[in-house]
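The chain contents come next:
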Amino acid sequence: TERWDPASLQAKWMPVWEEIKPFRTDVPGDTRPRKYVLDMFPYPSGDLHMGHAEAYALGDVIARYWRQQGFNVLHPVGWDSFGLPAENAAIKRGLDPRQWTYDNIDQQHQSFKKYASSFDWSRVLHTSDPEYYKWNQWLFLKMYEKGLAYRKASWVNWDPVDQTVLANEQVLPDGTSERSGAVVVKKKLTQWYFRITDYADRLLDDLKQLEGTWPSKVIAMQRNWIGRSVGADVDFVIEGRDEPVTVFTTRPDTLYGVTFMVVAPDSDLAIELAAGSTPEVQERFQTYLAEVQKTSETERQSADRPKTGMPLERWAINPVTKERIPIWAADYVLADYGHGAVMAVPAHDQRDLDFARAFDLPVRVVVDTNQPVTGVIPVIDLDNLDELPPLDPKSTGTALTGEGRLINSGPLDGLSKSNAIRRIIELLEQAGTGRPAKNYRLRDWLISRQRYWGTPIPIIHGEDGSEHPVPEDQLPVVLPPTEGLNLTPKGSSPLGAAEDWVNVPNPVDGTPARRDPDTMDTFVDSSWYFLRFLSPNDDTQPFDPKEVEKWAPVDQYVGGVTHAILHLLYARFITKVLFDLGYVPFTEPFSALLNQGMVLMDGSAMSKSKGNLVRLSDQLDEHGVDAVRLTMAFAGPPEDDIDWADVSPAGSAKFLARAWRLSGEVTSAPEVNWRDGDRALRKVTHRFLAEAPGLIEAFKFNVVVARIMELTNAARKAIDSGPGAGDPAVREAVETIALGLSLFAPYTAEDMWERLGYEPSVANYGWRKADPSLLTEDAVTAVIQVDGKVRDRVEVSPKIGAAELEALARTLPGVVRSVGDREIVTVVCRPPRLVNIVTKP
Ligand code: ANZ
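Residues numbered from 1 in each chain as written. Predicted model: local features only at pLDDT ≥ 70, side-chain atom pairs only at ≥ 80, totals over all residues. Heavy atoms only, no water.

Enquirer: Please give an account of the sheet that holds strand β25 (residues 604-605) that cites residues and values.
Expert: Overall, mixed pairing links the three strands, which are arranged β25-β24-β26 in an open sheet. Where the open sheet ends on each side, the last strands, each with one partner, are β25 and β26 (642-643). Looking at chain direction, strand β24 (residues 599-601) and β25 are connected through two bridges and run antiparallel. Pairing of Leu600 across the sheet is with Ala605, part of β25. (Pairing = 2+ DSSP bridges. Helix = DSSP H or I, 4+ residues; strand = E, 2+ residues; numbered from the N terminus.)

Given below as structure tokens:
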């Protein structure tokens with residue numbers, strides 16, 4: 001047949017690949033160098049959609065490329081199959097979450113096969129299988145042993161209607177729940193945490209290793225999320241309290257300007273200080289605290305909201321000035337940052353200034369920001385002295401946050417900000433009332449969920465409140481069946497009602513005890529899955545160290561920028577924990593990262609409600625797998641979004657048909673000697689062979705597709721109006737097109753390869769080296785005249801310069817002979833083709 005028909009190509013090659021398994025990685029005696037190329041694994045939310053089609057097409061280009069370059073490439077797939085959508089679907093339709101999940105997995109599995117993803121299908125894993133989540137529990141227990149998993153009570157956002165904990169992002173600025181509309185309250189709940197804050201410095205400092213191979217945007221996002229601040233802890237004596245209160249400050253140099261102290265109303269400290277105050281204060285404080293607990297953290301941190309607060313009628317002593325300063329409670333101070341208390345310096349901190357102005361508290365300037373600090377004298381316009389900023393923040397409302405020299409600060413007077421910070425820390429350390437300190441925006445990772453469809457936390461609680469890890473030989477703690485359980489969220493885990501499951505003997509003394517009913521955040525599952533792919537069927541250990549040695553870390557990770565913070569941070573954290581425990585020999589899991597863009601439609605994200613949903617299955621039916629994949633690669637740089645309204649899968653299909661037809665027209669045999677082929681066409685082929693690898697490694701997939709199109713045009717021309725279909729150069733060009741297309745359009749490439757007389761699979765054939773002699777530019781012939789008569793000819797580069805050409809011309813034998821003893825008066829030089837030498841007659 002001379003018709004390129006994607007459906008029949010798909011039907012023809014799928015079973016062949018199923019049979020020959022071109023992408024197996026565990027062939028004994030394989031000596032190829034290794035590469036681990038990993039796509040972020042999918043969540044089984046339904047069938048594959050356009051976003052998947054893009055992500056996995058691009059990841060596949062990279063995996064297929066390295067295979068072609070002679071590497072043994074590990075490119076596995078699995079499913080991130082625990083999580084809320086399955087549970088919600090189950091609640092809505094009265095199904096078991098397992099059924100919904102595994103049905104969707106089956107569907108996606110089939111779709112990936114049709115999509116010709118180059119996965120090693122022998123390594124599939126599902127995080128919701130007990131064989132997988134057993135090792136989540138193992139990891140939890142290892143962390144528990146090291147004190148890295150712990151339980152604490154803390155304030156969480158609580159939706160009283162949905163009876164569930166909410167993330168900060170789910171609380172609207174007016175303090176209501178984004179889901180139910182109820183006013184969100186704060187509730188103190190005991191939850192499990194992973195101590196990621198112990199790793200904050202390493203998570204920050206190791207980002208340096210990733211510079212150049214991770215997108216700089218992602219590195220910056222990680223850095224901001226961790227948010228390291230460097231400064232000092234300063235102790236303030238409190239009247240009527242034995243222990244001093246410690247505050248964290250990034251500006252200890254401003255200690256002489258502290259005029260009051262502020263504590264977070266929802267901190268234990270505020271509650272204690274209020275309790276030790278007058279009955280009126282106690283009463284007012286209760287009312288204020290209730291208000292504060294309705295306010296979201298985002299709102300509390302917003303700068304343009306009017307400040308609220310109240311005096312506690314308690315007093316602190318400034319450790320350097322010995323002044324007595326009032327203590328206030330105000331919600332702009334957060335309970336769980338630093339120590340939940342601040343030394344307020346209204347002259348130099350905007351939030352403190354806003355507060356001081358609202359409640360008429362004193363403001364004292366201690367840094368003169370008009371004084372130069374660098375030794376460079378600022379240009380001051382003496383006629384316009386009024387324009388200098390006045391040093392009175394209380395009246396201007398603007399805090400002086402810039403550089404300057406210290407004033408009104410005893411031993412610090414005259415110092416610059418940075419010198420003053422160093423000096424005051426020394427002085428505080430000598431006095432024992434302060435020390436250097438660091439703080440992080442990063443909080444410990446809350447991992448417990450009051451949900452069913454996740455990994456049970458392997459802890460047993462004794463009647464006396466004691467905690468006991470489930471012994472390792474009793475793992476996995478398998479989820480009980482859903483029969484008889486009500487999965488509807490109610491703030492406590494549905495597992496608590498599974499009586500047969502939850503009631504167990506205390507592992508220590510056999511007395512009655514209960515399993516922890518909570519399940520783990522599914523980010524735990526995805527924090528180490530890349531290691532499980534290395535030995536997915538090992539039931540004796542989470543991963544085989546020998547396989548880790550061979551393959552890990554991941555050489556190239558591919559996925560959406562939506563995971564730029566949490567997933568990547570958690571995976572980096574768990575990798576460092578595993579390194580510290582001696583399980584892996586590296587500290588960063590993903591050596592290189594590519595973030596693909598999104599697929600949009602008419603400029604916006606696709607959604608059912610907007611009515612702009614493009615269904616992948618429709619696109620595949622209409623244009624075929626290859627055309628959709630090629631379109632994804634051709635649309636632009638992979639990091640950019642693709643607007644489906646602006647691209648042309650029909651155009652891709654047309655091109656593929658054109659390329660495929662060439663393979664049926666080649667009349668020479670595979671054994672022909674290419675050296676006998678047409679040189680001009682060979683040069684186009686070899687330029688492509690030389691340049692494509694670098695372009696792929698720079699992720700310029702769209703440029704490579706454009707080059708394949710050029711080569712296709714050149715081959716067409718050679719057949720129709722050049723040396724003809726039998727020329728060896730035509731065969732060489734068409735074979736090269738098939739090799740190039742195998743990265744983007746596997747069905748078409750495989751079929752071309754067969755039509756060219758080879759066995760499958762083209763994916764494993766390898767790349768051809770460019771012949772350097774075909775990469776030079778063609779020489780041109782320069783004609784040299786003497787007094788208007790042609791006297792010599794010479795082959796030169798088309799890029800030769802005038803001076804070089806003239807110098808060369810003067811040495812040529814024909815020229816030397818013809819000029820003889822005569823004097824040269826002018827040389828007219830027109831590189832690269834002509835030189836005319838004029839002599840004195
Ligand atoms: C005095 C001071 C003077 C401050 C000054 C700043 C400027 P980052 O950079 O975000 O770490 N702070 C400390 N704990 C706080 C809490 N729990 N809630 C709200 N604010 C808190 O900010 C550190 C600064 O934020 C600290 O330095 C403290 O104010 C405030 F001219 O101390 B500073």
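Enquirer: I'd love a proper account of the site of the ligand, names of residues and values included.
Expert: Taken together, 18 residues lie around the ligand, and Ser229, Thr249, Leu334, Tyr337 and His348 are the ones closest in. The contact in question runs from a nitrogen atom of the ligand to an N or O atom on the backbone of Leu334, over 2.8 Å. Within the contact set of the ligand, an oxygen atom lies 3.2 Å away from a side-chain nitrogen or oxygen of Arg441. Considered on its own, the ligand offers 650 Å² of accessible surface; in the complex 88% of this is hidden by protein. Of all the secondary-structure elements, those providing two or more residues to the shell around the ligand are β7 (245-249) and β11 (341-344). A per-class count over the shell around the ligand returns eight nonpolar, six polar and four charged. (Near = heavy atom within 4 Å. Polar contact = N/O pair within 3.5 Å; in protein donor to acceptor, adjacent residues only side chain to side chain. Areas by Shrake-Rupley, 256 points an atom, 1.4 Å probe, with all protein chains shown as cover. Nonpolar A, V, L, I, M, F, W, Y, C, P; charged D, E, K, R; others polar.)

Enquirer: Explain the pairing of β7 residue by residue, including any values.
Expert: Counting buried positions along β7 yields four of five residues, so the element is predominantly enclosed. What sits between strand β6 (residues 228-238) and β7 in their antiparallel hairpin is a turn of six residues, with Gly240 showing a positive phi close to 80 degrees. (Buried < 20%, exposed > 50% of the residue type's maximum accessible area, 1.4 Å probe, protein only.)

Enquirer: Break down the side chain of Glu87 for me, citing the residues and quoting the values.
Expert: Relative to the helices and strands, Glu87 is located in helix α3 (residues 84-93). Once residues lying within four places of it in the same chain are set aside, the contact partners of Glu87 are Pro97, Arg451, Tyr452, Trp453, Leu487 and Pro494. (Contact = heavy atoms within 4.5 Å.)

Enquirer: For the sheet that holds strand β28 (residues 789-796), give the residues involved together with the corresponding values.
Expert: Adjacent strands of a sheet pair through backbone hydrogen bonds, lying either parallel or antiparallel. Strand order across the open sheet formed by four strands is β28-β27-β30-β29, with mixed pairing between neighbours. In the strand order of this sheet, the two ends are held by β28 and β29 (824-830), each with one partner. Ignoring which end each strand starts from, the neighbouring axes of this sheet average 15 degrees apart. Note: strand β27 (residues 780-786) against strand β30 (residues 834-839), four bridges, orientation parallel. Residue pairing in the sheet places Val786 in a bridge with Ile837 of β30. (Axes fitted to C-alpha atoms, helices over the stretch in contact; angles between N-to-C directions.)

Enquirer: Account for the environment of Val281, naming residues and giving values.
Expert: On the secondary structure map, Val281 appears in helix α9 (residues 279-292). Separated by 31 residues in the primary sequence, Val281 and Leu312 place their C-alpha atoms 6.3 Å from one another. The residues contacting Val281, other than those within four sequence positions of it, are Met310, Pro311, Leu312 and Glu313.

Enquirer: I'd like to hear about helix α21 (residues 649-665), residue by residue, with values.
Expert: Three- or four-residue spacings in an α-helix give side chains the same orientation, since the helix completes a turn every 3.6 residues. Between its first and last C-alpha, α21 extends 25 Å over 17 residues, near the 24 Å set by a 1.5 Å rise per residue. Among all positions of α21, only Pro649, Ser652, Ala653, Phe655, Leu656, Ala657, Ala659, Trp660, Leu662 and Ser663 are buried. The secondary structure elements touched by the buried residues of α21 are α1 (6-20), α19 (616-623), α20 (625-634), α23 (701-721), α24 (728-741) and α25 (746-755). (Expected span 1.5 Å × (residues − 1).)

Enquirer: Can you explain the UniProt feature "short sequence motif: 'HIGH' region" (unreviewed entry) in the protein chain? Please cite residues and give values.
Expert: UniProt tags residues 42-52 as "short sequence motif: 'HIGH' region" (unreviewed entry). Regarding residues 42-52, the helix share stands at 27% and the strand share at 0%, and the terminal C-alpha atoms are separated by 8 Å. (UniProt positions renumbered as here; feature names shortened; annotations may be inferred.)

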